[in-house]
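# Examination of the molecular architecture
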Amino acid sequence: MENVDLPLTPDFEVWPVTAKTERFLVQDGALVVEWSDGARCAYHPLLLAENDPAGDVLHPLSRETVLSPLDFPEELKVVDAQISEDGGIEVFWSHGRRGSRYHPGWLRGIGWSGVVEPLIPAPILWRGRELTEPPTFDGSQALGDETVFLSWLRALRDYGVARLEGLPVRDGLLMETVERIGPVRESNFGRMYTLEIKDDPDSNAFTSSALLQHIDMPTRECPHGLQFLFCRENTTSGGEGIYTDACRIAEDLREEEPEHFRALCEICWTYNNRSKRSGYKASGPVVELGTSGEITAVRYNSWLRAPLVAALEDQDRAYRSYRAFARRAQDEAYQMKFAYRSGDLLAFDNRRVLHGRNGYDAQGGKRLIEGIYADRDDLHSAIRTLERHATGREKS
Ligand SMILES: [Fe+2]
């Protein structure tokens, strides 16, 4: 159990004390701690100083530091450390600075021991034959039980697509559900949009045509991270949703067609929306990589691409690689297909999972689907917050 008398930490996270201090050392002014779990971690004096939980460094309510990096002497050194009576770790300083006390769970948790946990777990990649349906949860249970709601959000984070089923069909339910996760991200289609057939459509989505695999909003500097679709009614025939894990496609290209993969990571396409009332444009590579080479997002939408202004050899390389991506995106082996049923709420990662649909017969019945966007950060924040609740260790 956590000792409530331990020093504050510069956050509202839970830091269980999982290891004891075996030995303290001072090395070039840094604190080195040998922990009982075998880790040996070194802490820079300025890291410790600016995270001192004392009230003149850390605001006790906001848990944010109130000082500038320049308020500490550049050559500040740790001179000694010991365990204080309450179990905190007490550090003594050069320059006549008063001592500081640290939470041992926090100190162990932030220590470098050769491995850094990623902020977000690695995605679970899939092809259509491996994941034939979205991970699905009972909608009423999810809305009534935080644990089930959290399971739905984790599935969305890990698989990039997850569904609630059997929800009551009523006004406001989609908005209320999304706002439990975080703020809605509006778009040029409004705060919420309805997928219906329009006489003057500003997107192919507002027709009954089939839609090829794509992400929405490739025309934005940062495309919307999440999309939520709530099917209120569907008695038409056809119109099945088609979903594809673009990270799986990209990883397969990295392995099997490395030249195309490199081109997809290097060549920037510009996307522009085709609206009489707005003029969004953005550019970026089809495959976005993080600093460790991991795939962070895709920007793929074949009908919103602007003409590529580039040298002929670059145009050739761009088209060959785009076609290589399209061949896999349109390959059924990668695709998950399913019907939208009344009461289904489908959530997906718009920057990872491509969506599309079969065409449908607009004369054969009614089809009413509401849509809302949000962002990935809101999902990740909601998961962390619910996880604190779930463990019953939320800190005030
Ligand atoms: Fe779309």
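Residues numbered from 1 in each chain as written. Predicted model: local features only at pLDDT ≥ 70, side-chain atom pairs only at ≥ 80, totals over all residues. Heavy atoms only, no water.

### Topic: the overall build of the chain
In terms of helices and strands, the chain carries nine helices and 20 strands. Each principal axis of the C-alpha atoms in the chain carries an extent, and together these give about 80 × 55 × 40 Å. When contacts within the chain are restricted to residue pairs at least 6 apart in sequence, long-range pairs at least 24 apart make up 73% of them. Looking at the chain as shown, the accessible area adds up to about 19,500 Å², and 49% of this sits on carbon and sulfur atoms. (Helix = DSSP H or I, 4+ residues; strand = E, 2+ residues; numbered from the N terminus. Contact = heavy atoms within 4.5 Å. Areas by Shrake-Rupley, 256 points an atom, 1.4 Å probe, with all protein chains shown as cover.)

### Looking at the coordination of the iron ion
When a metal holds four donors in a tetrahedron, each ideal angle between them is 109.5 degrees; when it holds six in an octahedron, the ideal angles are 90 or 180 degrees. Protein-derived coordination of the iron ion comes from His214 (NE2), Asp216 (OD) and His355 (NE2), at a distance range of 2.1 to 2.2 Å. Counting along the primary sequence, the residues that act as donors to the iron ion give the motif H-x1-D-x138-H. Of the two residues, His214 is situated in strand S10 (residues 211-214) and His355 in strand S19 (residues 353-357); the sequence distance between them amounts to 141 residues. Take His214: its relative accessible area is 3%, and that puts it in the buried class. (Donors = N, O, S within 2.8 Å, 3.2 Å for Na, K, Ca; no water. Buried < 20%, exposed > 50% of the residue type's maximum accessible area, 1.4 Å probe, protein only.)

### With respect to helix H4 (residues 146-159)
Relative to the 20 Å expected for 14 residues at 1.5 Å per residue, H4 spans 20 Å between its end C-alpha atoms, a close match to the ideal helical length. Three or more residues of H4 are buried, namely Val148, Phe149, Leu150, Trp152, Leu153, Ala155, Leu156, Arg157 and Asp158. The backbone nitrogen of Thr147 lies 2.8 Å from a side-chain oxygen of the residue at the head of H4, namely Asp145. (Expected span 1.5 Å × (residues − 1). Polar contact = N/O pair within 3.5 Å; in protein donor to acceptor, adjacent residues only side chain to side chain.)

### Brief notes about the sheet that holds strand S2 (residues 30-35)
If you trace the three strands from one edge of the open sheet to the other, you get S1-S2-S3, paired in antiparallel fashion. Edge positions in the sheet fall to strand S1 (21-27) and strand S3 (40-43), since each has one partner strand and no second. Put simply, the sheet's adjacent strands are angled 20° from each other on average, direction ignored. Note: S2 against S3, four bridges, orientation antiparallel. Bridging from a neighbouring strand, Val33 pairs with Cys41 of S3. (Pairing = 2+ DSSP bridges. Axes fitted to C-alpha atoms, helices over the stretch in contact; angles between N-to-C directions.)

### Here's the deal with the sheet that holds strand S4 (residues 78-83)
Judged by pairing direction, the sheet is antiparallel, and its three strands sit side by side in the order S4-S5-S6 without closing on themselves. With partners counted over all chains shown, the strands left at the sheet margins are S4 and strand S6 (100-102), one partner each. Neighbour-to-neighbour, the strand axes of the sheet open up by a mean angle of 25°, direction not taken into account. One ladder, built from three bridges, connects strand S5 (residues 89-93) with S6; its direction is antiparallel. By the bridge assignment, Ile89 is partnered in S6 with Tyr102.

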